[in-house]
Amino acid sequence: MEEHNIIKVEGLCKSFGDLQVLNDITTEFKEKQVVSIIGPSGGGKSTFLRCLNLLETPTSGSIIFRDVDLCAKGVDINVHRQKIGMVFQHFNLFNNMNVMKNLTVAPMRIKGMEQDEAEAKAMTFLKRMGLEDKVTSYPSQLSGGQKQRIAIVRSLMMEPDVMLFDEPTSALDPEMIGEVLDVIKQLAVEGMTMIIVTHEMRFAREVSNRILFLDGGRIDEDRSAAEFFDDPHSPRLISFLQKVL
Amino acid sequence: MGFFEQIAVILQRYYPYFLDGVKNTLIIAAMSVVLGVVFGTLMAIMRMCRIKPLRWLAIAYIEFVRGTPLMVQLMFIFYGLPMVGIEFPDVSFIPNFSRFMAGIVAMSINSCAYVAEVIRSGIQSVDEGQMEAARSIGFKYGESMRLVILPQAVRNILPALGNEFVTVIKESSIVSVIGISDLMYGTNGVIALTYRSLPCLAIAAIMYFILTFISSRLIAKLEKRMKHGRA
Ligand SMILES: Nc1ncnc2c1ncn2[C@@H]1O[C@H](COP(=O)(O)OP(=O)(O)OP(=O)(O)O)[C@@H](O)[C@H]1O
Ligand SMILES: [Mg+2]
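Here's a quick rundown of the structure.

Rules of the game
- Residues numbered from 1 in each chain as written.
- Chains lettered and ligands numbered in written order.
- Predicted model: local features only at pLDDT ≥ 70, side-chain atom pairs only at ≥ 80, totals over all residues.
- Heavy atoms only, no water.
- Near = heavy atom within 4 Å.
- Polar contact = N/O pair within 3.5 Å; in protein donor to acceptor, adjacent residues only side chain to side chain.
- Areas by Shrake-Rupley, 256 points an atom, 1.4 Å probe, with all protein chains shown as cover.
- Helix = DSSP H or I, 4+ residues; strand = E, 2+ residues; numbered from the N terminus.
- Buried < 20%, exposed > 50% of the residue type's maximum accessible area, 1.4 Å probe, protein only.
- Expected span 1.5 Å × (residues − 1).
- Bend = angle between axes of the 7 residues up to and from the residue.
- Phe/Tyr/Trp six-rings, centres within 6.5 Å; stacked < 30°, edge-to-face > 60°.
- Lys NZ or Arg CZ within 6 Å of the ring centre and 35° of its normal.
- Contact = heavy atoms within 4.5 Å.
- Buried area = accessible area lost by both parts, 1.4 Å probe.
- Salt bridge = Lys/Arg side-chain N within 4 Å of Asp/Glu carboxyl O.
- Nonpolar A, V, L, I, M, F, W, Y, C, P; charged D, E, K, R; others polar.
- Pairing = 2+ DSSP bridges.

**What to know about the site of ligand 1**
Residues and elements named next belong to chain A.
Stage number 1. Surveying the vicinity of ligand 1 reveals 13 residues, the closest of which are Ser41, Gly42, Lys45, Ser46 and Thr47.
Stage number 2. Here an oxygen atom of ligand 1 sits 2.6 Å away from a polar atom, N or O, in the side chain of Ser41.
Stage number 3. Between ligand 1 and Gly43, the relevant distance is 3.2 Å, taken from an oxygen atom to a main-chain nitrogen or oxygen of the residue.
Stage number 4. The protein chains hide 60% of the 640 Å² of surface that ligand 1 would expose on its own.
Stage number 5. At the level of secondary structure, the elements contributing two or more residues to the shell around ligand 1 comprise strand 2 (19–30) and helix 1 (45–52).

What follows is the structure in structure tokens.
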């Protein structure tokens with residue numbers, strides 16, 4: 001498999017006031033790879049992920065998405081965000097729209113897709129997830145697991161090059177975690193490039209090509225999934241794994 | 001004559017004074033809230049915009065207006081505007097038009113500040129995640145506002161605006177001091193004619209109450225209908 005970089009991160013720093021959250025991070029994400037990010041709370045995982053699509057503006061450094069430096073002046077970030085899907089811990093479905101509208105509003109408004117086409121496409125996704133009976137439901141009428149799967153479909157509707165997940169199952173009741181993880185696993189099989197912040201260790205090991213340990217604003221370990229758990233080097237990762245496993 | 005009898009007699013003889021007052025009170029309140037909403041929206045936009053001087057200006061305005069008595073503002077407008085050369089013309093078919101306008105301007109200026117806060121808090125009470133989701137999918141700021149944030153904010157804002165209308169109905173009684181013939185002014189007129197202040201005030205109170213009661217019932221109905229339109 002030829003490996004193209006989709007996202008390259010160079011010297012990324014991010015501070016909130018005096019608090020330096022990300023400290024000179026350099027790494028890259030290759031096409032069709034699934035990379036998980038693991039680390040202690042407050043380590044900067046969310047901030048890192050949110051820097052990738054510029055929901056947070058990096059203090060310094062650059063995010064290069066398909067050869068375009070997103071931080072450069074004159075770059076229309078909105079165009080690039082269309083190609084970077086994001087799934088949030090708290091789903092963030094548009095509360096004022098029903099499921100169908102949630103799925104079709106962006107392709108129609110941003111890409112100019114026809115309504116019929118957008119709805120047909122949404123239906124295909126919904127059927128695949130067994131959620132076709134929810135088309136007219138509003139987010140408040142869905143379970144957490146259903147919301148998150150719809151949120152994933154909402155991103156997929158834009159046919160992103162890469163998907164970012166920020167703890168997609170952390171707000172779910174235990175019995176619903178499986179259905180969401182299955183969707184993500186399926187995406188991995190289909191070759192979607194994904195960067196996943198998660199606390200689900202077994203899932204990370206199963207689905208990832210590579211795992212990063214992000215602690216204190218640095219990438220402390222960057223290994224293949226198996227090595228990450230079986231042969232960790234960083235003392236902090238070792239003690240972290242002892243705590244969580 | 002008993003108290004209620006007096007009320008009945010006064011009403012029978014002087015009801016046009018009261019009705020005229022009710023009409024003017026409603027006109028003033030409605031105009032003030034409409035203008036307050038229009039300018040309050042602009043003020044809220046300024047209050048939240050990224051250009052610091054505009055934001056400061058809006059904050060200063062809102063804080064100042066909310067931190068000073070309406071009575072003072074009213075006097076200031078009524079006596080102050082003519083001094084700086086702004087005078088409302090007299091219109092023949094609306095008696096006392098210039099006074100009326102001064103009252104409406106003062107009430108609007110006041111209402112504008114409160115409305116701005118209502119709108120701002122309505123927008124800010126929409127979960128931040130909504131904006132983030134909209135932006136992350138590629139919507140511009142304005143589109144995100146229009147498609148996602150504002151429709152949700154309106155659900156919070158409309159009921160609060162209704163309450164603002166109720167408040168303005170009550171507070172507008174103050175314009176009687178500059179001689180605008182609102183309900184309070186009419187009441188004072190009848191008191192001067194009859195020397196019966198308590199029954200007259202009771203009539204005024206009941207009429208204000210009917211106005212505010214009906215308004216808040218209507219608002220509650222509206223609120224309920226919007227809830228069915230889903231959160
Ligand atoms: N908008 C913000 N303003 C100020 N500080 C922030 C902001 N966002 C995050 N931080 C701080 O940055 C640090 C890293 O936060 P971040 O959310 O990236 O951690 P995390 O690794 O995702 O943690 P968790 O596992 O709890 O989600 C924390 O100390 C947090 O308080
Ligand atoms: Mg986080």
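**Structural notes on the side chain of Ser144(B)**
All names here are of chain B.
Stage number 1. The topology assignment puts Ser144 in helix 6 (residues 141–171).
Stage number 2. Relative accessible area serves as the criterion here: at 1%, Ser144 is assigned to the buried category.
Stage number 3. At 2.7 Å, the side chain of Ser144 forms a polar contact with the backbone oxygen of Lys140.

**Notes on helix 1 (residues 3–48) of chain B**
Stage number 1. Taking 1.5 Å of rise per residue, the 46 residues of helix 1 of chain B would be expected to cover 68 Å, yet its terminal C-alpha atoms sit only 54 Å apart, more than 12% below that figure.
Stage number 2. At Tyr14(B), helix 1 of chain B is bent by approximately 80 degrees, the largest bend along its length, and proline Pro16(B) sits one to four residues beyond.

**Notes on the packing of aromatic side chains**
All names here are of chain A.
Stage number 1. Within this structure, the stated rule accounts for 7 aromatic pairs over all chains.
Stage number 2. Each ring, one from Phe213 and one from Phe240, has its centre 5.3 Å from the other, and the planes form 45 degrees; the classification is tilted. With Phe213 in strand 9 (residues 210–215) and Phe240 in helix 9 (residues 235–244), the pair connects residues that are 27 residues apart, well separated along the chain. You'll find Phe213 and Phe240 in the same group, each marked buried.
Stage number 3. The ring of Phe94 has Arg154 sitting right over it, with the charged end atom 4.4 Å from the ring centre.

**Quick look at the interface of chain B and chain A**
Stage number 1. Taken together, the 19 residues of chain B in the interface contact 24 residues of chain A.
Stage number 2. Between chain B and chain A lies a buried interface of about 2,000 Å² when both sides are counted; carbon and sulfur atoms form 55% of it.
Stage number 3. Run the count over chain B and chain A and you get 1 salt bridge.
Stage number 4. The salt bridge partner of Arg50(A) is Glu132(B), with a shortest N-O separation of 2.9 Å.
Stage number 5. For the interface between chain B and chain A, the tally reads 7 residue pairs in polar contact (both at pLDDT 80 or more).
Stage number 6. Elements that contribute at least two residues to the side of chain B that touches chain A include exactly helix 5 (128–137) and helix 6 of chain B.
Stage number 7. The biggest single contributor to the side of chain B that touches chain A is helix 5 of chain B, with 8 residues.
Stage number 8. Here the residues of the side of chain B that touches chain A sort into 8 nonpolar, 5 polar and 6 charged.

**A look at the sheet that holds strand 2 of chain A**
Residue and element names in this part refer to chain A.
Stage number 1. Read from one edge to the other, the open sheet built from 4 strands follows the order 2-1-4-5, with strand pairing classed as antiparallel. With partners counted over all chains shown, the strands left at the sheet margins are strand 2 and strand 5 (68–69), one partner each.
Stage number 2. Judged from the 5 bridges that link them, strand 1 (residues 5–16) and strand 4 (residues 60–65) form a sheet pairing that is antiparallel. Opposite Cys13, over in strand 4, you have Ser60 as the bridge partner.

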